[in-house]
Amino acid sequence: MLKKLRGSILLLITAVIWGTAFVAQSEGMNYVDPFTYNAVRTLIGGFVLIPVIALFRCTPLRKYDDKQKKAPLKTTITGGICCGILLFVASSFQQSGIKLTTAGKAGFITALYVVIVPLLGIFFGRKTTPKTWLCAAIAILGFYLLCIRDGISISKGDLLVLVCALFYAMHIMVIDRFNDENADSMLMSCIQFFTAGLLMAVCMFIFEKPTLSGIFAAKTTILYTGIMSCGVAYTLQMIGQRYTPPSTATLIMSLESVFAALSGWLILSEKLSTKEFIGCALVFAAVIFAQLNIKTKSKQTNGEDAYEKEVS
C-alpha cells in the first residue's frame, strides 16, 4: 500500500511538471518549428539523465533497488527503443495537430487516453473494474467542461491529436509491460529520449529549416521542458508506473490538463470560468476516487485489484 502511494505521488508530480510546461512549450513554438523544438528538448532530456543515473547508482536508493531482480540489459534496451518510437510518434502527431485545432480541443482529445488505456488492456487480457470505468467517465466529463469552450466539430487537427492520444496510451502500456519484467526504469527512460530525439532530429532536417538563432531565442523554454518535462517527468512516470496499475496511472497523469489550465491562470493571467473550475473539480474527484481502496466481501482473483502487484 505504501509503495502504491509512493507511485501515485510520483505520477502526480509528473502531471504537475507536464501541466506547467505547457506554458513554456506554447511560448517556445513562437521561435522554432515542432520537430526542431521536440528534437532539441528531447535530446536534452536524455543527456540530463546520464549524470542522474550515475549519481543514483551511488546512493542508498540503489541498494534498495538492487533487492529487486533486474531484467537483462537487452530487455531494458528493447523497452527504451520501443518507448522512444511511441513517444516520437505521439509527440509529432500532437504538435502537428495543435497547429490545426484549438488548444482546448487538443487538451480534451489527448485526455482520451484515460479511456483508451483500459480499452487496450482488454486486448491484453486485463480486466478493468467498474470503479475505474466510472472514474474514467467522470474524468472525461471534467475534461470536457475544462477544455471545450465552443461547439464540437471534427477537423484534421482533431484527428491528428486523436491519433496522438492512441499512441500515448500505447506508450503507457509498453512502459507497464517492461516494468513487469523489472527493466531498469531510469536507463529505459534515457534510451527512450535518445531514440525519440534522433528520430525527431532526422525529421527536423528533412521537413524544417532549423536555425541556431531560433533555438537560442527559445532556449529558456527548451531548457525547462527538456530538463523538467522530459528528463524529470518522464522518468518519474516510468518509476511511478512500477507501483501503479495502468488505468489508475492514466487518471493521475491526466491531471496534466488541469495543472496546465491552473498554471495559465496563475502565470499568464488567463481566466477560468465557473464551468472550467467545475471541470477541474471533477477530474480531481475522479483521481481521488480511483485511489480509494474499496474492499468487498468476496475475494477478488481477477480485475484491477488482482492485477495490482504487491511489491511490498
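See the structure shown above.
Residues numbered from 1 in each chain as written. Predicted model: local features only at pLDDT ≥ 70, side-chain atom pairs only at ≥ 80, totals over all residues. Heavy atoms only, no water.

It is the contact of helix α1 (residues 2–28) with helix α12 (residues 246–253), at a shortest axis distance of 8 Å, that shows an interaxial angle of 35°. When the axes of α1 and α12 are compared, the crossing they make is right-handed. Between α1 and α12, the residues in contact are S8, L11, L12, A15 and W18 and A249, I252 and M253, respectively. Per-class residue counts for the contact of α1 with α12 are 7 nonpolar, 1 polar and no charged. (Axes fitted to C-alpha atoms, helices over the stretch in contact; angles between N-to-C directions. Helix = DSSP H or I, 4+ residues; strand = E, 2+ residues; numbered from the N terminus. Left-handed = near helix turned anticlockwise from the far one by under 90°. Contact = heavy atoms within 4.5 Å. Nonpolar A, V, L, I, M, F, W, Y, C, P; charged D, E, K, R; others polar.)

Attention now moves to helix α11 (residues 219–241). For α11, spanning 23 residues, the distance from its first C-alpha to its last is 31 Å, which sits close to the expected 33 Å at 1.5 Å a residue. Maximal helix bending in α11 amounts to about 25°, located at A233. (Expected span 1.5 Å × (residues − 1). Bend = angle between axes of the 7 residues up to and from the residue.)

Evaluated as defined, the whole model comprises 3 aromatic pairs. Taken together, a centroid distance of 6.2 Å and an interplanar angle of 5° make the contact between F93 and F167 stacked. Within this pair, whereas F93 is found in helix α4 (residues 73–98), its partner F167 is found in helix α8 (residues 156–180), the two being separated by 74 residues in sequence. You can call F167 partly exposed: its relative accessible area is 21%. (Phe/Tyr/Trp six-rings, centres within 6.5 Å; stacked < 30°, edge-to-face > 60°. Buried < 20%, exposed > 50% of the residue type's maximum accessible area, 1.4 Å probe, protein only.)

Another point: α12. Most of α12 sits inside the fold, with 8 of its 8 residues counted as buried. Of the residues making up α12, those classed as buried are P246, S247, T248, A249, T250, L251, I252 and M253.

Turning to the side chain of E208, a few remarks are in order. Following the sequence through the fold, E208 ends up in the loop between α9 (185–207) and α10 (212–217). Looking at E208, its side chain comes within polar contact range of the side chain of T36, at 2.7 Å. With near-sequence residues (within four places) excluded, E208 lies in contact with D33, P34, F35, T36 and C203. (Polar contact = N/O pair within 3.5 Å; in protein donor to acceptor, adjacent residues only side chain to side chain.)

A word on the pattern of salt bridges. Throughout the structure, instances matching the rule amount to 1 salt bridge. The salt bridge involving R177 is made with E181; its shortest N-O contact spans 1.8 Å. On the basis of relative accessibility, which here comes to 46%, the residue R177 falls in the partly exposed class. Accessibility expressed as a relative area gives 31% for E181, which makes it partly exposed. (Salt bridge = Lys/Arg side-chain N within 4 Å of Asp/Glu carboxyl O.)

Tracing the sequence through the fold places G231 in helix α11. In this structure, the C-alpha to C-alpha distance between G231 and R41, residues 190 residues apart in sequence, is 9.1 Å. Once residues lying within four places of it in the same chain are set aside, the contact partners of G231 are G45, L49, F193 and G226.

The quantities given are spatial measurements derived from coordinates; they are silent on function.
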